[in-house]
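# Per-entry structural report
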Protein chains: 2
Amino acid sequence: MHGLMMHDQLLVSDILEHAAAVFPRQEVVSRSTEGPMTRLSIAALRDRSAQLAAALARLGVRRHDRVGTIAWNNQRHLEAYYAISGMGTVCHVMNPRYSPEQLVYIMNHAEDRVLLIDATFVPLIAALKPHLKSVEHVVVMAPSDAQPETPFEALNYDDLIAAEPADFAWPSDLDERDAAGLCYTSGTTGNPKGVLYSHRSTVLHGMMAALPSVCGVDESTVILPVVPMFHVMAWGIPYAALIAGAKLVMPGPRLDGASLFELMDAEKVDMAAGVPTIWLGLLGEMHKRGRTPEGFARTLVGGSAPAPSLIKAYEDMGIAFQQGWGMTEMSPVGSISKIPPQMAGESDARKLELKAKQGRQVFGVKLEILDDDDRLLPHDGEARGRLCAKGPWIASAYFGTDKSPLTSNGWLDTGDVATIDADGFVTIVDRAKDLVKSGGEWISSIDVENEAMACAGVAMAAVIGVPHPKWDERPIIIIQPAAEDPADKDRVMAHLAGKLPKWMLPDDVIVTEALPLGATGKVQKNVLRDAHRDHLSGAA
Amino acid sequence: MHGLMMHDQLLVSDILEHAAAVFPRQEVVSRSTEGPMTRLSIAALRDRSAQLAAALARLGVRRHDRVGTIAWNNQRHLEAYYAISGMGTVCHVMNPRYSPEQLVYIMNHAEDRVLLIDATFVPLIAALKPHLKSVEHVVVMAPSDAQPETPFEALNYDDLIAAEPADFAWPSDLDERDAAGLCYTSGTTGNPKGVLYSHRSTVLHGMMAALPSVCGVDESTVILPVVPMFHVMAWGIPYAALIAGAKLVMPGPRLDGASLFELMDAEKVDMAAGVPTIWLGLLGEMHKRGRTPEGFARTLVGGSAPAPSLIKAYEDMGIAFQQGWGMTEMSPVGSISKIPPQMAGESDARKLELKAKQGRQVFGVKLEILDDDDRLLPHDGEARGRLCAKGPWIASAYFGTDKSPLTSNGWLDTGDVATIDADGFVTIVDRAKDLVKSGGEWISSIDVENEAMACAGVAMAAVIGVPHPKWDERPIIIIQPAAEDPADKDRVMAHLAGKLPKWMLPDDVIVTEALPLGATGKVQKNVLRDAHRDHLSGAA
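Attention here is on the structure that accompanies the text. (Residues numbered from 1 in each chain as written. Chains lettered and ligands numbered in written order. Predicted model: local features only at pLDDT ≥ 70, side-chain atom pairs only at ≥ 80, totals over all residues. Heavy atoms only, no water.)

## Digging into the overall build of chain A
Assigned secondary structure in chain A consists of 15 helices and 25 strands. Here the C-alpha radius of gyration of chain A, 24 Å, is about what a compact globule of 540 residues would show, namely 24 Å. In terms of principal-axis extent, the alpha carbons of chain A reach across some 75 × 60 × 45 Å. Expressed as a percentage of contacts within chain A between residues at least 6 apart in sequence, the contacts between residues at least 24 apart total 66%. (Helix = DSSP H or I, 4+ residues; strand = E, 2+ residues; numbered from the N terminus. Rg over C-alpha atoms; globule rule 2.2 N^0.38 Å. Contact = heavy atoms within 4.5 Å.)

## Quick notes on the pattern of salt bridges
All names here are of chain A. Per the counting criterion, the structure on display carries 78 salt bridges over all chains. Residue glutamate 267 pairs with lysine 247 through a salt bridge whose shortest N-O separation is 2.9 Å. One end of the pair, glutamate 267, is in helix α9 (residues 257-267); the other, lysine 247, is in strand β11 (residues 247-250), with 20 residues separating them in the sequence. Note on accessibility: glutamate 267 and lysine 247 belong to one class, buried. (Salt bridge = Lys/Arg side-chain N within 4 Å of Asp/Glu carboxyl O. Buried < 20%, exposed > 50% of the residue type's maximum accessible area, 1.4 Å probe, protein only.)

## Describing helix α4 (residues 100-110) of chain B
Residue and element names in this part refer to chain B. Of all the residues in α4, the buried ones are Leu103, Val104, Ile106, Met107, Asn108 and Ala110. Buried residues belonging to α4 abut β3 (66-70), β4 (90-93), β5 (112-117), α5 (122-128) and β8 (179-185). Directly after α4, the chain includes glutamate 111, whose backbone phi takes a positive value near 60 degrees.

## Remarks on the interface of chain A and chain B
Taken residue by residue, the interface counts 75 residues in chain A and 76 residues in chain B. The three residues of chain A that bury the most area against chain B are Met1(A), Met6(A) and Phe363(A), which together make up 15% of that side's buried surface. Applying the counting criterion to the chain A and chain B interface returns 9 salt bridges. Counting across the interface, chain A meets chain B through 30 residue pairs in polar contact (both at pLDDT 80 or more). Every element with two or more residues in the side of chain A that touches chain B is listed here: α1 (12-22), β9 (193-198), α7 (199-210), β16 (360-361) and β18 (385-390) of chain A. A total of 7 residues in the side of chain A that touches chain B trace back to one element, the largest contributor, which is α7(A). Residue composition of the side of chain A that touches chain B, grouped by class: 41 nonpolar, 19 polar and 15 charged. (Buried area = accessible area lost by both parts, 1.4 Å probe. Polar contact = N/O pair within 3.5 Å; in protein donor to acceptor, adjacent residues only side chain to side chain. Nonpolar A, V, L, I, M, F, W, Y, C, P; charged D, E, K, R; others polar.)

## Considering the side chain of Asp371(B)
Structurally, Asp371(B) can be placed in the loop between β17 (366-370) and β18 (385-390). For Asp371(B), the residues in contact, after removing those within four places along its chain, are Leu377(B) and Arg386(B).

## Quick notes on the relation of the copies chain A and chain B
Expressed as a screw operation, the relation of chain A to chain B combines 0.0 Å of axial shift with a rotation of 180 degrees, fitting to an RMSD of 0.1 Å. Each copy turns onto its partner about a two-fold axis. Judged by C-alpha distance, Leu211(A) is the residue of chain A that lies nearest the rotation axis, at 2.5 Å. (Least-squares fit on C-alpha atoms with pLDDT ≥ 70 in both.)

## Let's talk about the sheet that holds β16(A)
Paired through backbone hydrogen bonds, the strands of a sheet run either parallel or antiparallel to each other. All names here are of chain A. If you trace the 9 strands from one edge of the open sheet to the other, you get β2-β1-β11-β10-β12-β13-β14-β15-β16, paired in mixed fashion. Two strands lie at the open edges of the sheet, namely β2 (37-41) and β16, each paired on one side alone. As defined by bridge partners, strand β13 (residues 298-301) adjoins strand β14 (residues 320-326) across 4 bridges and the pair is classed as parallel. From the neighbouring strand, arginine 298 faces β14, where its bridge partner is alanine 320. (Pairing = 2+ DSSP bridges.)

Below you can see the structure in the form of structure tokens.
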């Protein structure tokens, strides 16, 4: 027996129309690709999105088609998000840091019919264009008077939408399960895999992200997504902000510490979200200036686990440091690290330890640890298992492939190994494939890295397991020293010796100028493993 | 083309299981019907709910059956909410203030198979029991050692669940559209009509209610629903609180100002929700003590429009006064009144005026004003139309009747007449049926009542239109004077004369000891209209 409620669908267009109806005067502030700041009301955002939808329809884009974007976080990219999903087509965001081969593969696999790009990426597309099989139109998201020269036929965004009416009617007959967004994720092997978000998953994830326990946004919030819109829909912040009526501040292409500091200071950003490397950059700038940006109160940090030393540095400056954890297949937010009020009395050290965990599942996501037979393991803080997720914004399949990310009983296997304690705190021990198997013992590369990162003069550190004639595998550590007072092997070993049991100590410390980073800013451990495969083959 | 996300359903049982997984130590504090306070962890709440579900299954309750409750806001009622909906049956909450005839009608119409009642209502059920056609078991929600004498066969709640296992498996094959809750609403004519909430509507409404712009609850919140659980599921607070991990404080049967003050003070309640009459009572107590309860920061007020004088009295004491508006058919929240930051510079008088409006639609609800031909009217603050709503927690039909609450184009007609301005602020001019039609002009009974409520010595005021030989209808006002320094006709007329245009002034002031209140605490204007129908028939 069904309830007697309206069957209204959860649609991305409803987010935009809601915001325009009740927050018409709220601002979206962006640093444009050309340099100057732009300011736009939500009422105008709605109108320009509707104009873009009308223009895309005129270009022949039809329901369920994919429209690709390669762009920074800025006003036009936001308009495109809402226009593309709102009109019933799929907003396919692409990370420009993927290799040219990967980008060609992705665009051909997605069958993108139209590409919307920032001027920055004209050279990139010029190189790829001959290999793109489905792209019919490329639109450069530039003002009319700043259209760059292109060695391929291209449309100008502002010209394209100028003549279109703002009363485009969003289709109301969409099913909330219809696809709204697409983002490819690169594994270490094989081609990137597409995660296809639905209207339902996007709206539900956006509502969750706006909750006080996650981003906690309302009309008084000024929120800066440093996390790129080409990366998992900027963690859903473009949706959460409009659901809640927050002021969005977009950083454009300038993500260095000084640029971010200036932008945050000028716009009184109180909440900013991004990956740890961004916060390292901003930390340097804050130390240099001896102060924090005015109004800056909270961060949401994800993408990779922040070192406890980074968390402490922010908290010491009075900025609440919240770690979120998730993945592309999870839209992406799965858990968030906050100290519950029942633990307010714990020591600072214990609280820092909790904050360095991945936190507790957000409402809507179920997290469990499974053993090798897909059985649920207890939440006792001891049992280690494959961290698995379920929920309405968790992927059930990849786009256009038969590869399933699910366990036999329908859980998404995240590829992480974790514990969950009685209060629901998840601690990722390691990526399953990054665990070091030394003799009969497992060594968490993350544990060793976190200790190494706390050593003076270490900027970044990566631990990998390499084959060892006696112990099967032993850990070695590759460090990228800080520019000032750089650490060397002896200092790192001395530092670690006091902190870790002897069997967990790396067998060697390798100093490198720059660790290899992937498209999303994570250390590419597979590259390191390939390079150092034989490093301990002579050991006894 | 569908997205590739898991088809996980939004179920009420997920709220409870989420809360138990991540907020197991959070407390639910209740004043029991017997008097003493009870404290329960969410982990224990989950277990007792599961035990109750197992017990109901043992009694023969099957999926989609209705289980009725007549109870105060307390721990066992909360356990029942989650047990009944969680097991796939329908939690039918009943207002004990309905007339005996209405209650009999409701229970027979709903075909309740089991009744869960507080000891308070044993005499009520004793009188009704012979007329109840479907009720097989009555369970008194009392401790084992406090089971009251009953003149009918009754089970004891704690005895019933004691032997049951806590590992009852909530059915996972429920459809989110399945019915989860049922609440009858009484019109002024005809039998009460049942509004049948779904799992989907309940979960979505709960998420919305937890948002910063609405109740704004997280783990640090201590929230007191004074609004009864027998009235529109206590505005969804039992769900929002567990979604967010807030501490729930339940007032039991004692809703007078002194009892509420003591409870709030003891438990450091920072957010409380209820109808204006409750806040009048608490205001008296705060004035008497010369202070507010410790920690008390915010109210959510709904059910009927609070007088601006009440809003101002709370704001003057430093308590944020938020008005919510909605109805049983809307689960109930449709709009909330907050001052957007863009209006922070407005005068206090203008802000008070905005706060006295019904506010702006919450995310998930669309509000529009329609003309008599069901066409949408502009949001210009001038056009008056029938206030209509759409959304996933808005009723599309009534349970077991053919009566439709919908317009020709699928909107729920709320029965209110309103304006909407360019910022989305809804102002209800009046109930459509309460507007006074004087000559060619419409007079809002609410406008006149608000002015009269600001007159010293007026406790409550109700304006009705009565037939008039010359003007078709003219307003008269019936006032209930305050205990101290009671107002009389002359004072009220003198007060109004300076505030309202002459043609809006009531033709008479009638002083009464007590205005007739309906089951939900609203003035019964139909009773007043019947009583005073001929009051102006001799006028010229």
